Every structure is written in C-alpha cells, then in structure tokens.
Amino acid sequence: MADPSSYRPKPGQIPDSPGVYKFRDEHRRVIYVGKAKNLRQRLANYFQDLAGLHPRTRTMVTTAASVEWTVVSTEVEALQLEYSWIKEFDPRFNVKYRDDKSYPYLAVTLNEEFPRVQVMRGAKKKGVRYFGPYGHAWAIRETVDLMLRVFPVRTCSAGVFKNAERTGRPCLLGYIGKCSAPCVGRVTPEEHRDLAEDFCDFMAGRTGTYIRRLEKDMMQAAEEMEYERAARLRDDAEALKRAMEKSAVVLADATDADLIAVAEDELEAAVQIFHVRGGRVRGQRGWVTDKVEAVDTAGLVEHALQQLYGEETGDSVPKEVLVPALPEDPDAVSQWLADRRGSQVSLRIPQRGDKKDLMGTVQRNAQQALGLHKTKRASDLTTRSRALEEIAEALGLDTAPLRVECFDISHLQGDDVVASMVVFEDGLARKSEYRRFQIKGFEGQDDVRSMHEVIGRRFKRYLQEKERTGEWEDTPAPTGPVPAPGGPVPAPGGTGETDGADEVGGTVETPGTAETPGTVETPGTGEPGPGVAPAAQEPVTVREEPREDDGRPKRFAYPPQLVVVDGGQPQVAAAKRALDELGIDDIAVCGLAKRLEEVWVPDDDDPVVLPRSSEGLYLLQRIRDEAHRFAITYQRAKRAKRIRSSPLDDVPGLGETRKQALIKHFGSVKKLRQATIDEICEVPGIGRRTAESVAAAFATAAPAAPAVNTATGEIIEEDDGGSRT
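This write-up is about the structure you can find in this document. (Residues numbered from 1 in each chain as written. Predicted model: local features only at pLDDT ≥ 70, side-chain atom pairs only at ≥ 80, totals over all residues. Heavy atoms only, no water.)

1. Overview of the overall build of the protein
Move 1: Helix and strand content of the protein: 20 helices and 24 strands.
Move 2: Of all 725 residues assigned to the protein, the portion counted as buried reaches 47%.
Move 3: Relative to all contacts within the protein whose residues are 6 or more apart in sequence, the contacts with residues 24 or more apart total 64%. (Helix = DSSP H or I, 4+ residues; strand = E, 2+ residues; numbered from the N terminus. Buried < 20%, exposed > 50% of the residue type's maximum accessible area, 1.4 Å probe, protein only. Contact = heavy atoms within 4.5 Å.)

2. A word on the sheet that holds strand 7 (residues 129-131)
Move 1: Taken in spatial order, the three strands line up as 6-5-7 in an open sheet, and their pairing is antiparallel. Looking at strand neighbours, the two that pair on one side only are strand 6 (117-120) and strand 7, the edges of this open sheet. Each adjacent strand pair in this sheet contributes to an overall mean axis angle of 35°, direction not counted.
Move 2: Both strand 5 (residues 105-108) and strand 7 contribute to a ladder of three bridges, which runs antiparallel. Among the inter-strand pairings, Leu106 is bridged to a residue of strand 7, identified as Phe131.
Move 3: Along the sheet, helix 7 (residues 189-203) makes contact with strand 5, strand 6 and strand 7, crossing strand 5 at roughly 150°. (Pairing = 2+ DSSP bridges. Axes fitted to C-alpha atoms, helices over the stretch in contact; angles between N-to-C directions.)

3. Comments concerning helix 15 (residues 569-581)
Move 1: Taking 1.5 Å as the rise per residue, helix 15 with 13 residues should run 18 Å; its terminal C-alpha atoms sit 18 Å apart, in good agreement.
Move 2: Within the sequence span of helix 15, burial applies to Gln571, Val572, Ala574, Ala575, Ala578 and Leu579. Down the axis of helix 15, the buried set is contained in an arc of 160°. They therefore lie on one face.
Move 3: Where helix 15 is buried, its residues contact helix 14 (447-468), strand 20 (562-566), strand 21 (588-593) and strand 22 (598-600). (Expected span 1.5 Å × (residues − 1). Arc of directions from axis to C-beta.)

4. Digging into the sheet that holds strand 3 (residues 66-71)
Think of a sheet as strands paired side by side through backbone hydrogen bonds, with each pair either parallel or antiparallel.
Move 1: As summarised here, the arrangement of the three strands in space is 2-1-3, forming an open sheet in which the pairing is antiparallel. Of all the strands in the sheet, the pair left with one neighbour each is strand 2 (30-36) and strand 3. Strand-to-strand twist of the sheet, defined as the mean angle between neighbouring strand axes without regard to direction, takes the value 20°.
Move 2: Direction of pairing for strand 1 (residues 19-24) relative to strand 3: antiparallel, over a ladder of six bridges. Within strand 3, the residue paired with Phe23 across the bridge is Val67.

5. Looking at the packing of helix 3 (residues 75-89) against helix 10 (residues 297-309)
Move 1: Direction vectors running N to C along helix 3 and helix 10 enclose 75°, while the axes themselves pass 11 Å from each other. It follows that helix 3 is roughly perpendicular to helix 10 by the angle criterion. Note on element contacts: helix 10 touches helix 3 through Glu302, Gln306 and Gln307, opposite Leu79, Glu82, Tyr83 and Ile86.
Move 2: Class assignment of the residues belonging to the contact of helix 3 with helix 10 gives a composition of three nonpolar, two polar and two charged. (Parallel < 35°, antiparallel > 145°, perpendicular 65-115°, else oblique. Nonpolar A, V, L, I, M, F, W, Y, C, P; charged D, E, K, R; others polar.)

6. A look at the pairing of strand 20
Two faces belong to every sheet, and in a regular strand the side chains alternate between them.
Move 1: Counting buried residues in strand 20 gives five out of five residues, a clear majority hidden from the surface.
Move 2: Residue alternation in strand 20 divides its side chains into two sets, Leu562, Val564 and Asp566 and Val563 and Val565, and both sets are buried.
Move 3: Pairing of strand 20 with strand 21, which is carried by five bridges, proceeds in the parallel orientation. Directly across from Val564, in strand 21, lies its bridge partner Cys590.
Move 4: The β-α-β motif built from strand 20, the intervening helix 15 and the parallel element strand 21 has right-handed crossover chirality. (Right-handed = clockwise from strand over helix to strand, strands pointing away.)

7. Regarding the side chain of Gln118
Move 1: Tracing the chain through its elements places Gln118 in strand 6.
Move 2: Polar contacts involving the side chain of Gln118 include one to the side chain of Arg116, which spans 3.4 Å.
Move 3: Among residues more than four places away in sequence, those in contact with Gln118 are Tyr105, Leu106, Ala107 and Thr109. (Polar contact = N/O pair within 3.5 Å; in protein donor to acceptor, adjacent residues only side chain to side chain.)

8. Notes on the pattern of salt bridges
Move 1: One pass over the structure, following the stated rule, counts 26 salt bridges.
Move 2: Here Glu405 makes a salt bridge to Arg403, at a shortest N to O gap of 3.0 Å. Both residues of the pair, Glu405 and Arg403, count as buried.
Move 3: Arg403 is the partner of Glu433 in a salt bridge, and the nearest nitrogen-oxygen pair spans 2.8 Å. One end of the pair, Glu433, is in the loop between strand 15 (428-429) and strand 16 (435-438); the other, Arg403, is in strand 13 (residues 403-412), with 30 residues separating them in the sequence.
Move 4: With a relative accessible area of 7%, Glu433 lands in the buried category.
Move 5: One salt-bridge network, in which partners are shared between bridges, spans Arg403, Glu405, Glu425, Arg430, Glu433 and Arg458. (Salt bridge = Lys/Arg side-chain N within 4 Å of Asp/Glu carboxyl O.)

9. Examining a nonpolar patch on the surface
Move 1: There is a patch of nonpolar side chains on the surface, built from Leu172, Tyr175 and Ile176 and spanning about 360 Å² of accessible area.
Move 2: Of note, Tyr175 is situated in helix 6 (residues 172-175).
Move 3: Relative accessible area serves as the criterion here: at 53%, Tyr175 is assigned to the exposed category. (Patch = residues over 30% accessible without salt bridge, like charges linked within 9 Å, V, L, I, M, F, W, Y side chains within 5 Å. Areas by Shrake-Rupley, 256 points an atom, 1.4 Å probe, with all protein chains shown as cover.)

10. Observations regarding the packing of aromatic side chains
Move 1: By the definition in use, this model includes 13 aromatic pairs.
Move 2: Arranged with centres 5.6 Å apart and planes meeting at 75°, the rings of Tyr7 and Phe47 form a pair that is edge-to-face. Taken together, the positions of Tyr7 in the segment before strand 1 and Phe47 in the loop between helix 1 (39-46) and helix 2 (55-63) put the pair 40 residues apart, joining distant regions of the chain. Phe47 matches Tyr7 in its accessibility class, with the two residues each being buried. (Phe/Tyr/Trp six-rings, centres within 6.5 Å; stacked < 30°, edge-to-face > 60°.)

11. A few points about the packing of helix 3 against helix 11 (residues 330-341)
Move 1: Close contact between helix 3 and helix 11 brings their axes to 8 Å; oriented N to C, the two are set at 70°. Classed by the angle they form, the pair helix 3 and helix 11 counts as roughly perpendicular. Contacts between helix 3 and helix 11 involve Glu75, Val76, Leu79 and Gln80 on the former and, on the latter, Ala332, Val333, Gln335, Trp336 and Asp339.

Structure, rendered in structure tokens:
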C-alpha cells in the first residue's frame, strides 16, 4: 500500500487552470482519470488526511504510485479529453457502465447504392441511419413488416440480392409486394432511394404527411370506383397507424429529447434512458454499474452522458436532454453536447408537466432495473449457496446459515419507536414469518436499548415454544432466571413480566392486531398466541393445551442460525447480551453498518470487511434493506394514525357528526380544549353529560407537542378533529 505523501506534487507545481489528471499505479497502469476546473484545488483534495477521505477514494490513492495532469484551455476540452482517456485506458477506479444486453437498432444502409432495412447491433457505422434502440429484435421486425406495405424497401442480404440480379427473378417479398425489387430493375436506384428516405422520414416522426396522402388517394380511388385500389390504400394507412401505435405519444409538443434517470445504492447504480423523437418513445436502454469511485448522482449522470454521446454526432444528439441532477459544470457539458450536435442542446431538470411525469416513469424503470439486477443475483441457486457459504466462512460458522433473521429499529426523533424482524430462508425472503414490534418499555430514542428489548422478546417466545413442545428438558440451563413451568419467560432484567410492548406479525403493512391483554392473533390463522401484557404489565399466561398441528409455521417457533442487526458494534453487543441473558449460545450474531458496509461480530474491536464483489455481502445488504423497509413502513403508518387521533375519539357516544360540529363551532381543537362545560353545551346537539365527557377527555389527555413544518420552521396549529394541517 503506497503512502500518498510519497508521490504528492510539490507546492506550486500544480497549475490552477482547467485540466485532466490521471493516477498511475506502481506498474504505470492508469487506474483513475478525472477532470477539474482548477487542477490545484482538485488534486489537493486527494492528499488530505486518509481518515477524511471516502473509503473508495482512500483505496484509490493508496493503490496509486504517481499522478500526472494535462492542462487544457476550457472545461469543454477537459470533458472531451477525460472521455478519450477513459476510453483509451479503461481505468479500474472509474465508473464504467455496462450494457445489460446488446441492444438492437433498426438500421437503413443509406451508404449503399440500394439501401437496405435491417436489424443491427454493435458499433455504429458511418452512412447508416439508426432508429432505436429497441428492447427486442422481434419488435423491430414487426414494425418493418407493417411498413413494407407502404415503403417496399429492400431487406435482403447482399448474397440474395446478387443471386436475384443473376437469375432475373426477385425473392418472395418481391412477388407479394413487400419489396420494390430493384434487383431485377422494377425501380431505378433513384426511385428506391426515395423509398428508403421516405421510410426514414416516417421513422423519424414525420408520420402525418404519409397517412394523409394515403387517405387522400384512397378517397380519390373510391370516387373513381377503383375499389380494390382504395381497399389496398386503406390497408396501407391502417398498417402505418399500427406501426405508430407501437410507440405511444408521451409528449404532445412533438419534442425530441432523451430522458435519463438513475437509481443507486451504496455499491451499484442503474441508469435508464428513454429516447423520445417526435413526442413518441422511440427507444429505451439501460445500464448497471459498480460504484468503484466516490460519485454522487450528478457524477453518475455526467458519466452516462459521456458514454451515450461520446461517439455520436448530428441528430443522434437530441435538442433536449432531461436529467435528474445537473453535472458539476452543466455549462461545459451543454457546450460539449452542442459541439457534437452542431447546434444548441438544452440540458436541464424537468420541473413540471408531461416531461416531469415521464421522468418519473423513467425513474421507476431505473429502480426496477436495479432491483431486478439484485434479484437475479439473489435468485440464482448457485449464487445463493455461494453467498451463504461466504457468510459462514467470514463469521466462522460451522455450517451455512440457512435461516437468517434481521432486526431493525425505526423512529422519528424518538417518537413511535418500532422494530422489524424479517426472515430469509436459503437466501430467499419468507414474508409469512415477518414480525413487527412496538417499543413501549421506555420513552425516547435509544436504538441500543430497543435492540436489546426486541431480541430478548423474540427469543423469550422461542423458549416458550420449546417449553410447550417438550424440548425444554433437552436444552442447557440458562444463565439467567429460569421461567416457571407454564409461566412467562422472564425479561432480560429478571422481572418475570413482559415489557408492555405489542408484537405484530405478518406481511400486512398497516399497523394493527390484537389489543386484548395477553394474546395476539397469529396472522393468517385466527388463533390467539402468547402475547404481551397491557400497560399494567400483567404476566402472560401460556396455554397448557397444545395447538392443533395444522402444518402451518408457528410464531417464533423456529430459531435462526444467524441473527443480523442493522447497526454497528453497540447494537451487536446489545443483541448478544440479550441472548446470553436467556442462556442461548448456539445462535450467531452479526451487524451490518450502513456507512461503510462493515460486518461487526461480538467481542471483536475490528469489523469483518467482505470484498465488494462478495455475494455474501450482497445477501446481507438485501436482508438489511428489507428489514429497514419493513420497519419504516410500519413506523410511518403508526405515526400517521397517531397524528390523526384526538381526545374526542375517547368520548363515548360522540360520533363523527358531532365531532365536526364541535370543531366548526370553536374553530380548532386548541380553542375547544380551553372551552368551559357551559360553552360546550351551547353547541347544537351537545348535552351537558356529553359536554362533561368532552371536558374530562381533554383534562386527562396530555397536550400534544406542536407539529413543526421542517421546511419553514413554522408551528402548525390544530384546526380539525385532532389532525394537523
């Protein structure tokens, strides 16, 4: 590992002008290329304290052995030179987009004497007009088949064409009217070229002229009673309309634009591009890349623009490019695009209207592409097996962890603290065994204490199931207090009582389940299971009679081989302590920290660092992200329910109509809270007994903390039945 100070340029050597720089390793291979408006300022960033650098940047500068730079006159030249060097040297630490497939194009070979329509892949050739890219080659062939009725352009290969010239007989398409047969002289080269250019005009979006001309000829043929010719023209017009329908209108103003969207996580990014020509989506493509350098969304967009248009000129570069984030120097990038097009190019973020809506569609495609990419890796049996083996090897487990449970804590500034438990078996999510927890044992924000509580409660239930099924006698005695037969398993403090939190199971995303003390419904079964005590913390009684074994998984009945917590060393220590207090020592524990994706294990001051390309790391990330999604969804729903609640909800006999009458009369909940009983009685339909109940409800309810608009800092007043607006 090289010390960056060993090759740091001397002060004053680096110019302060625009330029491009490249880092080389000890073998003189270029490992990174970058550009800067001010080389001195940019390169100084790489030679600061290593602890302050992004992990990927730190890896790059310690791998490098030297740095070089080239001064240019403008930022546009820097952009062009950066693209050229990345293409030439293929640096390992630069973002490189890789096509997830070789996209097919509809190509018209205008560089030939008799232009040919065909499907082409790979590098573009000079003198060939391209349309697309398309998702599938069959989509191109369907479109071409419809259009050959109207534009009978040659589609045969050079060998077939020469053979027809030699024999004087056209191919089958020539006989059925889908080729003008220039090979046998039915049309002149000039006439055939005109057909090819008309074909290109139609594909470029100038469709109305040709359809109107066909419809006009059809009407004229009908007036002249040439009905067969009129029917043929009608069918030709319908064929063109069907070809147009294959690319839906998305922008009414006949815009020519490319829309680029990016979906990313810590390690990878997916880019999706929609090519819109004449207001219609004419093509779509996408890439996935490893984020091997410290790069944000703007940087990913700039790299995508370089790859998209680095080899393009003329109309291949659209008039408008819509992006989710502008590059660091948007003016230089816009000028570079304009130079390649030969005219002005607008590079901007859509703010409203159809273009913003379409950008949302492209963004969803990018997110789905990234999810599909990760799912493909996870769904492959060999990949999943390798991932589990890598996890077992990294954590020192005897066998691969076939059942993994992951826990995450979610809250909003200490309010509505909840936790989630997700289950993966054999590397795949088992959503029927997901569980959710409400933290009520204490108030405030304490992720470590919350994690300790949740792990303890989950495995107390596991021990209860072992006791019920008779497995308890075969297990070693726990180090903590031993539960009495038929009684509750003690909490990690030895109280013998549950901690007052509700456990919610299943994959339903909205909160809710049994509020009945001591029981919670098992999702999908309708059976009451062991639950938690209410606020009074009464002990939970486990039923003596065994439940009917219907083949369905029982709640918390199966132990995992590995427990994963979302967090670092403190959360891992809390989870391990909870297991130790219950006498459970055969379940491994680890944590995955978000920022650096480090794996922490108990009683170890240094994390386990899995390689970036490790399938085991990908699986742990998927499990952690799923636990986070499940927790935050529940937390948001719980918070929304709390915000909509009101002390009026607890007043017996007070329906929605009279609630609204009270709010309408006083103007807000705040004023209603300050009203006397006599003033409440003045509201039509409210008697004295009801007024006393309303006043009592407000007297016993603690005033809610004021809501704050985080964008403006403004206090939001209550003005309806308890909800804030």
